[in-house]
Every structure is written in structure tokens, then in C-alpha cells.
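Topology and contacts: notes
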Amino acid sequence: MELDALDRALLRELQNDARQTNRELAAKTGVSPSTSLERVRLLRERGVITGYHAALDLDAANRPVQALISVRIRPPARPVIEGFREWAARLPEVIGLFVTSGTHDFLLHIAVPDVDGVYAFVIDRLTERREVADVQTTMAYEHVQSRCIEPAASERPRFSRRAG
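Below is a summary of the structure that appears in this document. This one's a predicted model, so the numbers in the text were calculated from it and none came from an experiment.

Spatially, 4 strands are ordered β2-β3-β1-β4 in an open sheet, and the strand pairing comes out antiparallel. Of all strands in the sheet, those with a lone pairing partner are β2 (94-99) and β4 (132-140), marking the two edges. Neighbour-to-neighbour, the strand axes of this sheet turn through a mean angle of 20°, independent of strand direction. Here β2 pairs with strand β3 (residues 106-112) via 5 bridges, running antiparallel. Among the inter-strand pairings, Leu97 is bridged to a residue of β3, identified as Leu108. Each of β1 (65-73), β2, β3 and β4 touches helix α4 (residues 78-89); the most contacted strand, β2, lies at about 165° to it.

The nonpolar side chains of a soluble globular protein tend to be buried with one another. Ile69, Val71, Phe84, Leu108, Ile110, Phe121 and Leu126 are the most contacted members of the largest nonpolar core, which has 20 residues in total. Residue assignment for this core shows that the elements contributing at least two residues are β1, α4, β3 and α5 (115-126). With 5 residues, β1 is the single largest residue contributor to this core. Apart from residues no more than four positions distant in its own chain, Phe121 is found in contact with Ile69, Leu91, Glu93, Val94, Leu108, Ile110 and Leu126. Among the nonpolar cores identified, the runner-up in size contains 9 residues, and Leu3, Leu10, Leu14 and Leu43 belong to it.

On to the packing of aromatic side chains, then. The geometry of an aromatic ring pair is captured by two quantities: the separation of the ring centres and the angle between the planes. Counted according to the given criterion, the structure contains 2 aromatic pairs. Geometrically, the ring pair formed by Phe84 and Trp87 is tilted, given 5.5 Å between the ring centres and 50° between the ring planes. Placement of both Phe84 and Trp87 in helix α4 is noted, with a separation of 3 residues, approximately one turn of the helix. Both residues of the pair, Phe84 and Trp87, count as buried. Taking 4.8 Å as the distance between ring centres and 55° as the angle between the ring planes, the aromatic pair formed by Phe84 and Phe106 counts as tilted. Of the two residues, Phe84 sits in helix α4 while Phe106 sits in strand β3, which places them 22 residues apart along the sequence.

Definitions and cut-offs
Residues numbered from 1 in each chain as written. Predicted model: local features only at pLDDT ≥ 70, side-chain atom pairs only at ≥ 80, totals over all residues. Heavy atoms only, no water. Pairing = 2+ DSSP bridges. Helix = DSSP H or I, 4+ residues; strand = E, 2+ residues; numbered from the N terminus. Axes fitted to C-alpha atoms, helices over the stretch in contact; angles between N-to-C directions. Contact = heavy atoms within 4.5 Å. Core = buried A, V, L, I, M, F, W, Y, C linked by side-chain atoms within 4.5 Å. Buried < 20%, exposed > 50% of the residue type's maximum accessible area, 1.4 Å probe, protein only. Phe/Tyr/Trp six-rings, centres within 6.5 Å; stacked < 30°, edge-to-face > 60°.

None of the figures reported here should be taken as evidence of function without further support.
Written out as C-alpha cells, the structure is:
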């Protein structure tokens with residue numbers, strides 16, 4: 001999917017503030033409001049923009065303690081993996097979920113009120129599941145997340161053969 005400089009500018013501005021008006025967005029990107037509106041509509045239709053959301057402060061939401069929990073599932077069969085993924089994604093403590101390769105099958109990012117919440121999540125939720133074979137917990141001291149993701153270039157570098 002080809003994104004030009006205007007698409008990239010619109011995406012950057014929307015990631016910084018999705019609540020700004022179309023008129024403000026157009027002014028910041030140097031185009032007319034009608035051009036801005038049409039380009040954003042096309043970005044949504046093409047699936048580049050998948051939605052808009054409010055970012056919460058975890059401290060203010062009384063979930064200041066974060067942990068990354070690696071989970072190994074047995075047996076490693078598709079229905080078991082998919083079932084666990086669907087179950088875990090619905091848990092209120094889970095704020096991120098990765099299906100991974102390697103020693104563990106999942107990496108869960110949780111946010112809870114306190115360290116006891118981490119313990120309760122591991123013991124009361126995870127280890128009660130029959131398919132959970134192993135759990136490793138890493139406490140997160142700080143989480144820095146990029147608020148603005150630049151789309152990668154769509155062209156791959158080309159290599160030329162040199163005569164030698």
C-alpha cells in the first residue's frame with residue numbers, strides 16, 4: 001500500500017491528536033479541508049486507520065502496577081492456542097497480548113492496582129487453566145510507549161549487479 005508524504009503527515013498529526021478538527025488538521029498539513037477530509041476517508045477505507053480511542057493514564061485508572069507474563073501452553077495445538085488467546089484477551093487485567101514463538105506461546109501485558117493483583121492474576125487466573133504448562137512473570141518498572149508510529153517505506157531496497 002503506497003503512502004505519500006501527505007498521508008504520512010496526516011497520520012502523524014492524527015496520532016498526536018485525533019480529536020482535532022478537520023480544519024486544524026488541514027492547516028497543520030498544508031492542504032485544503034476538503035483534501036484533508038478525503039485523504040483521511042481513504043486512509044480509513046484502506047484500513048490504514050483502524051479506529052480512534054482515548055488513552056488512559058494507568059495511575060489515574062488505579063492500575064499503576066504492570067507486569068509481563070510469559071505463558072507456555074500444552075498441548076501446543078491450534079484449538080488450544082486459539083482458545084487461550086480468546087480467553088486471555090477478554091480478561092480486564094490484560095492490556096496487551098502477544099502470541100509468540102520460542103519457549104513461551106504468549107506474552108501478556110497486565111496492569112493491576114498492586115503487587116497482590118499480579119500474584120492473584122497468576123495464581124487465580126492463569127494456573128487454574130489446565131492448558132497452562134509454565135508461567136514466568138517480569139515486573140515492569142516503567143512503560144514507555146510510542147504515541148506516533150511512522151509507516152515503513154513500501155519499497156524494498158533493490159540490489160544491482162555490478163560488472164566486475
